[in-house]
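# Residue-level structural notes
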Amino acid sequence: MKRLVLFLILSVMMISCGGDDDICESGEGTPRMKIMFKNADKITTLDSLKVYVDYGVRTVDLGWSRNTDSILIPLRVDDSPYTDFFIKTAAKGDSSKVRVSYTTKSIYVSPGCGAKLNYQNVSGQLLKATPVIKVESGQNFIENEDKTNLYLVF
């Protein structure tokens, strides 16, 4: 009798544990902003690029990217209406400062993911030039990471 009860308990445990976990693996989190690079009116590839993002509490170094024509930058998820980031193309060169302004809208995704932010009215402003010459707008909202939101002209 004990073996039958033990067998039933183990069977129920194995059946109940066989389902998918409710975690956020499907890319439904808060999207990053996509930035592409231009030289005049043509998309260009940069040999090297270093990005720093100011998240208010601290500035995070996103590291060097090599031979790239675009980058994805995570924006602030607090109540700030903007995110500042710094771009440099040489280790000892100057860095440009770009401010991205936006409004946010919180959307419920699932119990595992919770809520994500969608960014609307996205616009960029060049606060310090060299090496970036100007900022051009792309898609003015961020719902996923497919479309380009800003173009940096070098």
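None of these values were measured; they are calculated from a predicted model. For every chain, the first residue of its written sequence is number 1, and the numbers climb from 1 along that sequence. Local features in this predicted model are restricted to residues whose pLDDT is 70 or higher, and side-chain atom pairs enter the listing and the counts only when it is 80 or higher, whereas totals over whole chains, interfaces and linings include all residues. To get the side-chain values, take all heavy atoms of the structure and skip hydrogens and water.

### Section: the side chain of Arg76
The helix count covers DSSP runs of H or I at least four residues long, the strand count covers runs of E at least two residues long, and both are numbered beginning at the N terminus. On the secondary structure map, Arg76 appears in the loop between β5 (70-73) and β6 (82-88). One polar contact links Arg76 to Asp78, side chain to side chain, over a distance of 2.8 Å. Whether two residues are in contact is decided by their heavy atoms, any of which lying within 4.5 Å being enough. Those residues in contact with Arg76 that lie beyond four places of it in its chain are Asp54, Tyr55, Gly56, Tyr82, Thr83, Tyr102, Leu117 and Tyr119. Nitrogen and oxygen atoms within 3.5 Å of one another constitute a polar contact, given that in protein one can donate a hydrogen and the other can accept it, and given that sequence-neighbouring residues count only through two side-chain atoms.

### Overview of the confidence of the model for the chain
Residue-level confidence of the predictor, termed pLDDT, takes values from 0 up to 100. In the predicted model, the chain carries a mean pLDDT of 88, and 85% of its residues have values of at least 70. The spread of mean pLDDT over the elements of the chain runs between helix α1 (residues 2-16), the lowest at 68, and β6, the highest at 97.

### Some thoughts on the sheet that holds strand β3 (residues 46-54)
What the 5 strands build is an open sheet, ordered β4-β3-β6-β7-β8; its pairing is antiparallel. Each having just a single partner strand, β4 (59-68) and β8 (114-128) make up the two edges of the open sheet. Neighbour-to-neighbour, the strand axes of this sheet turn through a mean angle of 25°, independent of strand direction. As judged from the 6 bridges shared by β6 and strand β7 (residues 96-110), these two strands associate in the antiparallel manner. Within β7, the position partnered with Phe85 by the bridge is Val98. Should DSSP find at least two bridges between two strands, the strands are regarded as paired. Between N-to-C directions, angles span 0 to 180 degrees; the directions come from axes that are lines fitted to C-alpha atoms, helices contributing only their stretch in contact.

### Re the packing of aromatic side chains
Any two rings among Phe, Tyr and Trp, with Trp reduced to its six-membered ring, count as a pair given centres within 6.5 Å; such a pair is stacked if its planes are under 30 degrees apart, edge-to-face if over 60, and tilted if neither. Inspection of every chain in the model, using the stated rule, returns 2 aromatic pairs. Taking the centre distance of 5.8 Å and the plane angle of 75° together, the rings of Phe37 and Phe154 count as edge-to-face. With Phe37 in strand β1 (residues 33-39) and Phe154 in the segment after β10 (150-153), this residue pair connects regions lying 117 residues apart in the sequence. Each of the two residues, Phe37 as well as Phe154, counts as buried. Between the aromatic rings of Tyr102 and Tyr119, the centroid separation amounts to 4.9 Å while the plane-to-plane angle is 80°, which identifies the pairing as edge-to-face. One end of the pair, Tyr102, is in strand β7; the other, Tyr119, is in strand β8, and 17 residues separate them in sequence. Classification of Tyr119 as buried rests on a relative accessible area of 0%. Only Lys NZ and Arg CZ are tested; either one counts as a charge over a ring when it is within 6 Å of the ring centre and within 35 degrees of the ring normal. Over the ring of Tyr151 we find Lys38; its NZ or CZ atom is 4.6 Å from the centre of that ring. Across the ring face of Tyr82, the terminal group of Arg99 is positioned such that the distance to the ring centre comes to 3.9 Å. Throughout this description, buried means an accessible area under 20% of the type-specific maximum (1.4 Å probe, protein chains only), exposed means over 50%, and partly exposed covers the range between.

### Re the pattern of salt bridges
Each salt bridge in this description consists of a side-chain nitrogen of Lys or Arg and a carboxyl oxygen of Asp or Glu lying within 4 Å of one another. Following the criterion strictly, the structure yields 7 salt bridges and no others. When the shortest N-O distance is used, the salt bridge between Arg32 and Glu145 registers 2.9 Å. Of this pair, Arg32 sits in the loop between α1 and β1 while Glu145 is found in the loop between β9 (134-137) and β10, placing the two residues 113 residues apart along the sequence. Classification of Arg32 as partly exposed rests on a relative accessible area of 33%. A relative accessible area of 27% means that Glu145 is categorised as partly exposed. A salt bridge links Lys38 to Glu136, with the nearest nitrogen and oxygen atoms 2.9 Å apart.

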